[in-house]
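Each chain, letter by letter, is given below.
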Amino acid sequence: MPIDPKKAKKAPSKKLKNSKLPKLPNGANIKVIQITPRTFLIPLFLILLFSSLIWVWNGYVGEKVHYNDNIGLNAILSGYASGTYEEIVVQGDTIEAKKKAIQNVVNNEIVSTRDVDRTILPANLSIGEIGLSDPKNPTKVSIKKEWWGSVLSETIPSLLGTILFIGFLIFMMSRMGGGGMGGPMAFIKSRARIYDPETDEKVTFADVAGSDEEKSDLVEIVDFLKNPAKYKDLGAKIPRGILLQWPPGTGKTLLARAVAGEAEVPFFSISGSEFVEMFVGVGASRVRDLFAEARERSPSIIFIDEIDAIGKKRSPGIGGGHDEREQTLNQILTEMDGFDNETNVIVMAATNRADVLDKALLRPGRFDRKVTINLPTLQDRKEILQVHAKWKPFADDVNWEKIASITIGFSGAELGNLLNESAILAWKKSAKSITQAMLQQSIEKVVMGNEKKSLRMSEHEKKLTAIHEVGHALVGKMLPHTDPVHKISILPRGGAGGVTWFLPEKDRTYTSKAKYLDELATLYGGRVAEEIFFWNNYITTGASSDIERATQIARSMVMRFGFDSEVGAENLATEAADGNFLGGDGGQKMISEETHRLIDAKVRLLLKDAYGVATKIISENKSLHEKIAHELLIKEEMLEDEFNVFFEWIDVVPQKVTM
Ligand code: ADP
Ligand code: ZN
Ligand code: MG
């Protein structure tokens, strides 16, 4: 299956988990403990004895202990500072802060009660770091070794997760208790996250690499937020809504935050998808709260991420269930319409799919400014890599130029992900720094999925895969408008038995008809090779995704790109994909039966011709094909140079044309 880096499925990035302790490998000596009544009776007895002792002891002293677990670390620390406690005992990661015992007379008996505030030390802190060692403080602090250490050592990894979680809860609770707006991502009534310029880490334009044009589009907004008066004096029209559009992971969210950071204004962030699941009416009231909060703290920015989740074209008549979406959307529009010259609130929104947005959103006074963000160019990619490489150790052999050039089609987020993957890889190999080879391996992982070493192919399957992949590579090599072969592999990965990876030499804005035609033939190279080298009934399902992709391209050529002169340059596809058949703003073009038949015939013709081209190339180069496949079978992977060696003496290989 040939891989186009822009379209390939991305390997899901796996987060590192608190993994369980490694299992014993098979064959290791495992002590077998026989469970007899005695094995558990003795500990049971001991436990009973122990707990009754404690009970007796407590009774003897006559002290009732009242634990308070809801207090949180911060409260304990401030209690320590103000001398509230008699003693603080740290045992393992449990902190018990004991207040002075209080004596009361109950039923003619003296009862002593003691309040003990108890909490758990968050796992990322050590006891030394939280400042319980002030020499002037009279409170006695005793740190005891955890006696259960050995018992629990096996469950610690999972405990750690729990402790972290509790620590996080405590952290959040203490933040919220402290007046709401304090910390990063404090929540407010509208449930928007707010980033405050005074307390939160600031994101600025410097954190957004590349994207110079987009930034310059937004400088004016920053300027307005800083000096609204200047604009008003000039009578300039004040921007209201800005729509950041295009592919996921290109830094839309980042850019919006950077605008707030540059202008040093509060940033209220909420995602459109958060409204979709809500009860009817809740979304609208949240929007009202949100705008009220933003006005109160103006100048400020409201950011609505994934606005397409609520701002889709309203399709007339199709089922209910969109009420919430519509009410939320209407509320946003009403709020924006209500802005006057004194309102210094800018609404920014982001979407991956500007084409599906309701036109009402884009009217003047609403989201009437668009900033289009593109996939990063070579230069942008270099800069983005630099931003993300900042805190990671790289070996001297890393060639950023090369990495930037083979990551064509990667978004900013994917580049960040790539560097993360490489850091994880280095960590797995216990290497001190990240090398060029690790980076390249990570690129392949992001583009093509992980190698599945465990998946065994039979000898026959391997042969077939080699023949199939060389089919793609050979046809691609012999045609002038295809990208150069970067790598061929018969190591199975991510669902595919093998891959042939073609890599464009430079960024391309347009694709020519000639290139698509050659690409179709290349896609069929795999199946055609199977057919030529094996008995016809032994062709496999290995070509199914090639066929799927070829069909898709051919249909686009005829229905969208206007590449067929008889069908003409008419778009017959877009609206069909949207599932909106009922007219209105953008109903589907009615396609006549006749046109349908013409489209089908033309698509079939394109595919048949491509099949023919592939058949011609492979059958004319059978022995060469066999030689390359044989070598691939031995090496399992073949790089560009190793592949090209086979063609050095052939003078019929065409010069590549990059259109
Ligand atoms: P979007 O909102 O467009 O889907 P994000 O703003 O959420 O994308 O970007 C995701 C991540 O990708 C960012 O947090 C950042 O780490 C990285 N990223 C994307 N674009 C850039 C860029 N131009 N410079 C630096 N990092 C970027
Ligand atoms: Zn294939
Ligand atoms: Mg985003």
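One structure accompanies this document, and this report is about it. Nothing here was measured: the structure is a model prediction, and the numbers come from that model. (Residues numbered from 1 in each chain as written. Chains lettered and ligands numbered in written order. Predicted model: local features only at pLDDT ≥ 70, side-chain atom pairs only at ≥ 80, totals over all residues. Heavy atoms only, no water.)

Looking now at the overall build of the chain. Along its length, the chain carries 22 helices and 17 strands. Burial status across the chain gives 42% buried among its 659 residues. When contacts within the chain are restricted to residue pairs at least 6 apart in sequence, long-range pairs at least 24 apart make up 75% of them. Accessible area for the chain stands at about 37,200 Å²; split by element, carbon and sulfur atoms hold 55% of it. (Helix = DSSP H or I, 4+ residues; strand = E, 2+ residues; numbered from the N terminus. Buried < 20%, exposed > 50% of the residue type's maximum accessible area, 1.4 Å probe, protein only. Contact = heavy atoms within 4.5 Å. Areas by Shrake-Rupley, 256 points an atom, 1.4 Å probe, with all protein chains shown as cover.)

Next up on the list: the site of ligand 1. Around ligand 1 there are 15 residues in total, and Gly-249, Lys-252, Thr-253, Leu-254 and His-388 lie nearest to it. Between ligand 1 and Ala-209, the relevant distance is 2.9 Å, taken from a nitrogen atom to a main-chain nitrogen or oxygen of the residue. Contact between ligand 1 and Gly-251: an oxygen atom at 3.1 Å from a main-chain N or O atom of the residue. Notes on ligand 1: free accessible area 560 Å², of which the protein chains cover 77%. Every element with two or more residues in the shell around ligand 1 is listed here: helix 7 (252–263), helix 12 (378–389) and helix 14 (412–428). (Near = heavy atom within 4 Å. Polar contact = N/O pair within 3.5 Å; in protein donor to acceptor, adjacent residues only side chain to side chain.)

With respect to the element layout, Glu-631 can be found in helix 21 (residues 622–635). The exposure class of Glu-631 is partly exposed, given its relative accessible area of 27%. Sequence-wise, Glu-631 and Glu-642 are eleven residues apart; in three dimensions their C-alpha atoms are separated by 9.7 Å. Discounting chain neighbours no more than four positions away, the residues touching Glu-631 are Met-638 and Phe-646.

The full count for this structure, using the stated rule, is nine aromatic pairs. Taken together, a centroid distance of 5.9 Å and an interplanar angle of 50° make the contact between Tyr-195 and Phe-267 tilted. With Tyr-195 in strand 9 (residues 193–195) and Phe-267 in strand 11 (residues 267–271), this pair connects stretches of sequence that are 72 residues apart. Of the two residues, Tyr-195 and Phe-267, neither departs from the other in class, the shared state being buried. Between Tyr-516 and Phe-563, the ring centres sit 6.3 Å apart and the planes meet at 50°, which makes this aromatic pair tilted. Of the two residues, Tyr-516 sits in helix 17 (residues 513–533) while Phe-563 sits in the loop between helix 18 (544–559) and helix 19 (574–578), which places them 47 residues apart along the sequence. Taking the relative accessible area as the measure of exposure, Tyr-516 reaches 13% and is therefore buried. Sitting above the plane of the Phe-647 ring, Lys-477 keeps its charged end 5.3 Å from the centroid. Across from the ring centre of Phe-533, 5.4 Å away, lies the NZ or CZ of Lys-622, which sits over that ring. (Phe/Tyr/Trp six-rings, centres within 6.5 Å; stacked < 30°, edge-to-face > 60°. Lys NZ or Arg CZ within 6 Å of the ring centre and 35° of its normal.)

To continue, consider unusual backbone geometry. Omega for the peptide link from Ser-298 to Pro-299 comes to 0°, which places this bond in the cis form. Secondary-structure assignment places Pro-299 in the loop between helix 9 (282–296) and strand 12 (300–305). Residue Glu-264 is not a glycine yet carries a positive backbone phi of 55°. Looking at the secondary structure, you find Glu-264 in the loop between helix 7 and strand 11.

We now examine the environment of Gly-241. Assignment of secondary structure puts Gly-241 in strand 10 (residues 241–245). Filtering out sequence-adjacent residues up to four positions away, Gly-241 remains in contact with Met-336, Val-347, Arg-366, Phe-367, Asp-368 and Arg-369.

Now for the pattern of salt bridges. Here the structure, examined in full by the defined rule, presents 26 salt bridges. With a closest N to O distance of 2.8 Å, Asp-196 and Arg-297 form a salt bridge. Within this pair, whereas Asp-196 is found in the loop between strand 9 and helix 5 (212–226), its partner Arg-297 is found in the loop between helix 9 and strand 12, the two being separated by 101 residues in sequence. Here Asp-196 falls in the buried class, since its relative accessible area comes to 8%. (Salt bridge = Lys/Arg side-chain N within 4 Å of Asp/Glu carboxyl O.)

One face of the sheet, then the other: side chains in a regular strand alternate in exactly this way. Along strand 3 (residues 85–91), five of the seven residues are buried, which leaves the element largely enclosed by surrounding structure. In this structure, the hairpin formed by strand 3 and strand 4 (residues 94–99) is closed by a connection of two residues, where Gly-92 is found at a positive phi of approximately 65°. Pairing of strand 3 with strand 7 (residues 140–144), which is carried by five bridges, proceeds in the parallel orientation. Pairing of Val-89 across the sheet is with Ser-142, part of strand 7. (Pairing = 2+ DSSP bridges.)

Looking at the element boundaries, Lys-487 is found in strand 15 (residues 485–489). Reaching out from Lys-487, the side chain makes a polar contact with the side chain of Glu-637 at a distance of 3.5 Å.

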